[in-house]
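A look at the structure
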Amino acid sequence: MTKDNITITDQAYTSELAESIEIGITDFVDKFIATHAKKIEKFMISKDLWQSLGDFGLLGVQAPEVYGGLNQSYSLQAKAIEQISQHSPAMGLSYLAHSHLCMHPIIQHGSPAQKDFWLPQLIKGKTIGAIAISEPNAGSDALAMKTTAELKKNHYYLNGQKIWITNGPDAGVAVVYANTNPKQKYRGITAFIVDLTKPGVTKSEPIEKLGMRGSKTGSLYFNNVKLSQDDVLGSVDEGLSILMDGLNIERVMLSAGPLGIQKSCLKTVLEYTAQREQFGKCLNQFQLTQAKIADMYTSIESSQAMLTEAFKRINENTLTNAYAASVYLHCSRAGVATSMEAIQLLGGNGYTEDYPVEMLMRDAKLFDIGGGTNEIRQMIIAKEIIKDFKNKL
Ligand SMILES: Cc1cc2nc3c(=O)[nH]c(=O)nc-3n(C[C@H](O)[C@H](O)[C@H](O)COP(=O)(O)OP(=O)(O)OC[C@H]3O[C@@H](n4cnc5c(N)ncnc54)[C@H](O)[C@@H]3O)c2cc1C
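Just so it is clear, the structure is predicted and the values come from calculations on it, not from any experiment.

1. A short note on helix α3 (residues 47-56)
- All buried positions along α3 are accounted for by W50, L53 and G54. The arc enclosing the buried residues of α3, seen along the axis, measures out at 95 degrees, which places them on a common side. Opposite its buried face, α3 presents the exposed residues D48 and D55, each directed more than 90 degrees away.
- Along its buried surface, α3 packs onto α5 (89-109) and α6 (112-124).

The following block contains the structure:
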């Protein structure tokens, strides 16, 4: 593999190196994330904690070794997201935004100079990365974005606002989608790698949210930000294909968050119901309780099975829009349902901050919305299977 010829496959997952990295991730998460989950929720992710992700190598799981990455598979990347999300879904979300949503398009579409400049600092944790698509009036209809990048002489001038940007308040770089050819509407969208320390960039304070409180979310404002032609990611007016190219895999990656949440809920429930007694019996002796535990287990197994199948399809290059959207639809709903049942099984305690399940429920809800809402996923699934059905007639 050369720097410019990068193909990421899932083959490495079965190797001994991948297994030892996975064990390392578990140790790291137990040591650094599990013990800090409450602090992250209250005070957001600290610089030191982020740096420890970089020092450990976790920020470059999929990045090529030539830039300091571990060159591992999509499934190992998802495993890291899942493991982090078991303790702190907010940390999992920020980690995902940095190491996948921002870095993956740079790895796949960046020029050699862009990769040389950005990847090492992103992998080491010296710079925090973000992805900026959504705007105040372009959410589900993301392609209606109004942010423009106008070419004058040799430079682009970026103007507009991006909203809901994970890591936005702390990010040093973002992959930003803007319209370079508004007459062409979405066919005129271009992706840029924007250095957020440039003049003309301002950032909002973190937005206060229902969940994912440890993960900073904010707006980015661009006021005549001068970009060079070298800041274009891929080709001019071809942002749409970069955006669409990554969406299916992004949805699969996002699914690892609610899977981690569900596993954490079941663990808490099993521990709690084994010791809490009512009517002279442990809660786990009641059939109604057992039914909930059985449903939680089934939900985890079905989410896991869909994710595993998605990685198989990624390797075979057969992952369809419908399947990727359905994996995410299933996992996000399962995350919300399982965390609600976990609260129920803990009774009053489930409703308090003494147990993690209330945070997990609030965090789980994000996955019904972020990365394309459940309704948008349903639209994608229905459109594709109806089209396939028609084609077979
Ligand atoms: C915590 C958080 C982090 C985020 N991180 C990022 C990020 O890093 N980068 C980024 O670019 N964006 C990010 N987002 C934005 C996210 O992707 C959007 O919130 C999402 O796409 C929905 O857009 P919206 O909020 O504008 O809702 P809207 O599009 O206004 O939707 C509101 C409701 O209407 C429904 N709806 C819309 N259109 C239709 C339709 N045609 N048919 C039926 N129902 C419809 C939706 O499903 C939803 O229920 C983040 C959001 C949150 C909350």
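Let us keep going from here.
2. Details of the nonpolar core
- Counting residues in hydrophobic clusters, the biggest one holds 108 residues, and the most contacted among them are A132, A174, V175, F192 and V194.
- When residues no more than four places from it in sequence are discounted, the contact partners of A132 are K162, I165, A174, V175, V176, Y177 and L220.

3. A word on the pairing of strand β2 (residues 148-152)
- With 5 bridges joining them, β2 and strand β3 (residues 155-166) adopt antiparallel strand pairing. Bridging across to β3, T148 finds its partner in N159.
- Between β2 and β3, which pair antiparallel in sequence order, lie 2 residues; one of them, K153, sits at a positive phi of approximately 55 degrees.

4. Topic: the pairing of strand β4 (residues 173-179)
- The buried count for β4 comes to 7 of 7 residues, which makes it a mostly enclosed element.
- Both faces of β4 are covered, namely the face carrying V173, V175, Y177 and N179 and the face carrying A174, V176 and A178.
- With 4 bridges joining them, strand β1 (residues 129-132) and β4 adopt parallel strand pairing. In the sheet register, G129 faces β4, and the bridge partner there is V173.
- Pairing of β4 with strand β5 (residues 189-195) involves 7 bridges; the strand directions are antiparallel. Bridge pairing links A178 to T190 in β5.

Thresholds, definitions, all that
Residues numbered from 1 in each chain as written. Predicted model: local features only at pLDDT ≥ 70, side-chain atom pairs only at ≥ 80, totals over all residues. Buried ≥ 20, exposed ≤ 12 C-beta atoms within 10 Å, placed from the backbone. Helix = DSSP H or I, 4+ residues; strand = E, 2+ residues; numbered from the N terminus. Arc of directions from axis to C-beta. Contact = placed C-beta atoms within 7 Å. Core = buried A, V, L, I, M, F, W, Y, C linked by C-beta atoms within 7 Å. Pairing = 2+ DSSP bridges.

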